[in-house]
Amino acid sequence: MKQRIFRKNWLERLEQVKKLISEQWQEIDFRNLAMLMGKLGTYHYNKRKIMLLGKERKLYSLLIENSYNPYTVYRWLLLERIPEDIKFQLRNNYINQKKAAKMAFERRHKSKGSLCLEIKKHGLQLLQRW
């Protein structure tokens, strides 16, 4: 009988990557890790001609040696920032990663657009009173 292979949750794998990186470099800033991973992912697929030097090059080789795709890690870091309700749907496999990222993007930009309209409306009201 063939055994079913279960894939690990992306959150568990992201924690493994963070642990691996923190073991190598204690001084790494995890807040800017997404930007760094975006650069590494772009380099990995040769979308732009980029040179990696120093810490970036070592981090890239560390990920490749441990069988992690830098672009996949970058996507996981972006998914970590999505709202909790979308993350809940993603954890329970109601939606896929691409749809979750799209929903978070739409929500973020929808709120900015409505906020701009509200500020404009209040500004016009202030000018009319003056």
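Not measured: the values here are computed from a predicted model.

Calculation notes
Residues numbered from 1 in each chain as written. Predicted model: local features only at pLDDT ≥ 70, side-chain atom pairs only at ≥ 80, totals over all residues. Heavy atoms only, no water. Axes fitted to C-alpha atoms, helices over the stretch in contact; angles between N-to-C directions. Helix = DSSP H or I, 4+ residues; strand = E, 2+ residues; numbered from the N terminus. Parallel < 35°, antiparallel > 145°, perpendicular 65-115°, else oblique. Contact = heavy atoms within 4.5 Å. Nonpolar A, V, L, I, M, F, W, Y, C, P; charged D, E, K, R; others polar. pLDDT = per-residue confidence, 0-100. Core = buried A, V, L, I, M, F, W, Y, C linked by side-chain atoms within 4.5 Å. Buried < 20%, exposed > 50% of the residue type's maximum accessible area, 1.4 Å probe, protein only. 1 Å grid on protein atoms, 1.4 Å probe; cavity = no way out; pocket = protein on both sides within 12 Å on 5 of 7 lines; lining within 4 Å. Points joined across faces, edges and corners; volume = space filled by probe spheres on them. Phe/Tyr/Trp six-rings, centres within 6.5 Å; stacked < 30°, edge-to-face > 60°.

1. Topic: the packing of helix H2 (residues 33-44) against helix H3 (residues 55-65)
And then number 1: It is the contact of H2 with H3, at a shortest axis distance of 11 Å, that shows an interaxial angle of 70°. Overall, the two elements H2 and H3 adopt an arrangement that is roughly perpendicular. Across the interface between the two elements, Leu 33, Leu 36, Met 37, Lys 39, Leu 40, Tyr 43 and His 44 from H2 touch Glu 56, Arg 57, Leu 59, Tyr 60, Leu 63 and Ile 64 from H3.
And then number 2: Tallied by class, residues from the contact of H2 with H3 come to nine nonpolar, one polar and three charged.

2. A closer look at the environment of Trp 76
And then number 1: Following the sequence through the fold, Trp 76 ends up in helix H4 (residues 70-80).
And then number 2: On a C-alpha basis, the gap between Trp 76 and Gln 97 in space is 8.8 Å, while along the polypeptide they are 21 residues apart.
And then number 3: Apart from the residues lying within four places of it in its own chain, the contact partners of Trp 76 are Trp 10, Arg 13, Leu 14, Val 17, Tyr 68 and Gln 97.

3. Concerning the confidence of the model for the chain
And then number 1: On average, residues of the chain score 82 in pLDDT, and 92% of them reach the 70 mark or higher.
And then number 2: Element-level pLDDT for the chain is lowest in helix H6 (residues 97-129), with a mean of 82, against a maximum mean of 89 in H4.

4. Side note on the nonpolar core
And then number 1: Ranked by size, the top nonpolar core spans 30 residues in total, and within it Ile 21, Leu 33, Met 37 and Leu 59 carry the most contacts.
And then number 2: In terms of residues, this core owes the most to one element, H2, which gives six residues.
And then number 3: Setting aside its immediate chain neighbours within four residues, Leu 59 contacts Ile 21, Trp 25, Leu 33, Leu 36, Met 37 and Leu 40.

5. Thoughts on the layout of surface pockets
And then number 1: When its volume is computed, the second largest pocket comes out at roughly 270 Å³.
And then number 2: Surrounding the second largest pocket, Arg 75, Leu 78, Leu 79, Arg 81, Ile 82, Pro 83, Gln 97, Lys 98, Ala 101, Ala 104, Phe 105 and Arg 108 form its lining.
And then number 3: Of all elements in the fold, only H4 and H6 reach the threshold of two or more residues within the lining of the second largest pocket.
And then number 4: Element by element, the count of residues in the lining of the second largest pocket is highest for H6, at six residues.
And then number 5: Its residues assigned to classes, the lining of the second largest pocket comprises seven nonpolar, one polar and four charged.

6. Some details on unusual backbone geometry
And then number 1: Even without being glycine, Ser 67 reaches a positive phi, approximately 60°.
And then number 2: A residue is classified by how much of its surface remains accessible, and Ser 67, at 62% relative accessible area, is exposed.
And then number 3: Positioned with a positive phi, Asn 93 is a non-glycine residue whose angle comes to about 60°.
And then number 4: Tracing the backbone shows Asn 93 in the loop between helix H5 (84-91) and H6.

7. Things to note about the packing of aromatic side chains
And then number 1: Per the counting criterion, the structure on display carries three aromatic pairs.
And then number 2: With 6.0 Å between their ring centres and 80° between their planes, Tyr 45 and Tyr 71 make a pair best called edge-to-face. Separated by 26 residues along the polypeptide, Tyr 45 in the loop between H2 and H3 and Tyr 71 in helix H4 bring together distant segments of the chain.
And then number 3: Exposure remark for Tyr 71: the relative accessible area of 29% places this residue in the partly exposed category.
And then number 4: Grouped by ring-pair contacts, the aromatic residues Tyr 45, Tyr 71 and Tyr 74 constitute a single cluster.

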